[in-house]
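Topology and contacts: notes
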Amino acid sequence: MQATTTQQERSRGWRRPRWLVAGLRGLEIVELTIGAILILGIVILVMLQVLARVTPIDNQVWTGELARFSLVWLSFGLAGYLLGRDEHIALDVADHVLPALGQRLVKAFSLLVVAATAAMFGYEGLDLFTSDSPIKSPATGIPLAWIYFIPMVGMALTVLRALIEIIWPSSHQGQIRVAGEVIADETLGADGDALTHAALGEIPPSNDEETSR
């Protein structure tokens, strides 16, 4: 089993150092915590707007503005997290046609494009953050420079994750995710309804149970 794991790691690329793995796990916890807070904030702010429409409660303008800012912060702030876990929406076209080396080159090229694009976004965000603009948001009064802080950090982390994936690539092939849980394709091969069982939280029947039936 250990020899098989070592062979798979060699085929994927260089093995990631332990300090890097631990650092990425800590970073993911921070990103998920911030993302959960932003999602909770969006839900609460939107619910306040809904209640203001159906109840005598006064509608506060700042709730809608802060909800929009939170959505922007959520989108840009978790971009690096999604890139590192290969959970962005993508069309895998060349992956089923090219050989392993071709797939690796296409993956590296796409990561370089993502890193370059995120670097340009991050540079513009840094320019806006350090511009010392006196402009503030009209409702919440947040300085315009601080509005670009989280997107700037998110783009910087996206560049970092893209470079890490190029140097220490992680293979996400043969995996599907249901509610964040990774399921290998071998499970699907053993039981065609494994995806359904996983979505329902059930344990798929084993081969012995199927034979007895």
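About the thresholds
Residues numbered from 1 in each chain as written. Predicted model: local features only at pLDDT ≥ 70, side-chain atom pairs only at ≥ 80, totals over all residues. Heavy atoms only, no water. Helix = DSSP H or I, 4+ residues; strand = E, 2+ residues; numbered from the N terminus. Buried < 20%, exposed > 50% of the residue type's maximum accessible area, 1.4 Å probe, protein only. Contact = heavy atoms within 4.5 Å. Areas by Shrake-Rupley, 256 points an atom, 1.4 Å probe, with all protein chains shown as cover. Axes fitted to C-alpha atoms, helices over the stretch in contact; angles between N-to-C directions. Parallel < 35°, antiparallel > 145°, perpendicular 65-115°, else oblique. Left-handed = near helix turned anticlockwise from the far one by under 90°. Nonpolar A, V, L, I, M, F, W, Y, C, P; charged D, E, K, R; others polar. Polar contact = N/O pair within 3.5 Å; in protein donor to acceptor, adjacent residues only side chain to side chain. pLDDT = per-residue confidence, 0-100. Phe/Tyr/Trp six-rings, centres within 6.5 Å; stacked < 30°, edge-to-face > 60°.

**Regarding the overall build of the protein chain**
- The helix and strand inventory of the protein chain stands at ten helices and two strands.
- Reading the protein chain from its N terminus to its C terminus gives the helix and strand order α-α-α-α-α-α-α-β-β-α-α-α.
- Taken over 213 residues, the protein chain has a buried fraction of 25%.
- By sequence separation, contacts in the protein chain at least 24 residues apart represent 63% of the contacts at least 6 residues apart.
- Total accessible area computed for the protein chain in this model is approximately 14700 Å², and 65% of it derives from carbon and sulfur atoms.

**Brief notes about the packing of helix α2 (residues 18–54) against helix α3 (residues 61–77)**
- Running from N to C, α2 and α3 point in directions that differ by 155°, and their axes come no closer than 9 Å. One finds that α2 runs roughly antiparallel with respect to α3. Like other packed secondary-structure pairs, α2 and α3 cross with a definite hand, here left-handed. Residues E31, G35, L38, I39, I42, L45, L48 and Q49 of α2 lie in contact with α3, whose contacting residues are W62, T63, G64, L66, A67, S70, L71, W73, L74 and G77.
- Residue classes in the contact of α2 with α3 are distributed as eleven nonpolar, six polar and one charged.

**Regarding the environment of W73**
- Note on placement: W73 falls in helix α3.
- Spatially, the C-alpha atoms of W73 and L38 are 7.8 Å apart, while their sequence positions differ by 35 residues.
- Setting aside residues up to four positions removed in sequence, W73 forms contacts with L38, L66, L78, I142, I147, I150 and P151.
- Here the side chain of W73 touches I147 through a polar contact of 2.9 Å, landing on its backbone oxygen.

**Remarks on the confidence of the model for the protein chain**
- The pLDDT averaged across the protein chain works out to 79; a share of 73% of its residues lies at or above 70.
- The model gives residues 187–192 a pLDDT under 50, and that stretch makes nine contacts with residues more than four places away or in other chains.

**Points about the side chain of E165**
- As for its placement among the helices and strands, E165 is situated in helix α7 (residues 149–167).
- A relative accessible area of 5% means that E165 is categorised as buried.

**Concerning the packing of helix α5 (residues 100–129) against α7**
- In contact at an axis separation of 8 Å, α5 and α7 are set at 155° when each is read in the N-to-C sense. Judged by the inter-axis angle, α5 sits roughly antiparallel to α7. Here α5 runs over α7; the crossing is left-handed.
- Grouping the amino acids of the contact of α5 with α7 by side-chain chemistry returns 16 nonpolar, three polar and two charged.

**A word on the side chain of R161**
- Locating R161 in the fold gives a position in helix α7.
- A distance of 2.7 Å separates a polar side-chain atom of R161 from the backbone oxygen of G80.
- What R161 contacts, discounting residues up to four positions off in sequence, is L24, L27, E28, E31, G80, Y81, L83 and G84.

**So, the environment of A52**
- Here A52 shows up in helix α2.
- With a relative accessible area of 13%, A52 lands in the buried category.
- With residues near it in sequence (within four places) discarded, A52 still touches I57, D58 and N59.

**Considering the packing of aromatic side chains**
- Tallying each qualifying case throughout the model produces four aromatic pairs.
- Taken together, a centroid distance of 5.6 Å and an interplanar angle of 55° make the contact between W146 and F149 tilted.
- Each residue in the set F129, W146 and F149 is aromatic and connected to the rest through ring pairs, giving one cluster.

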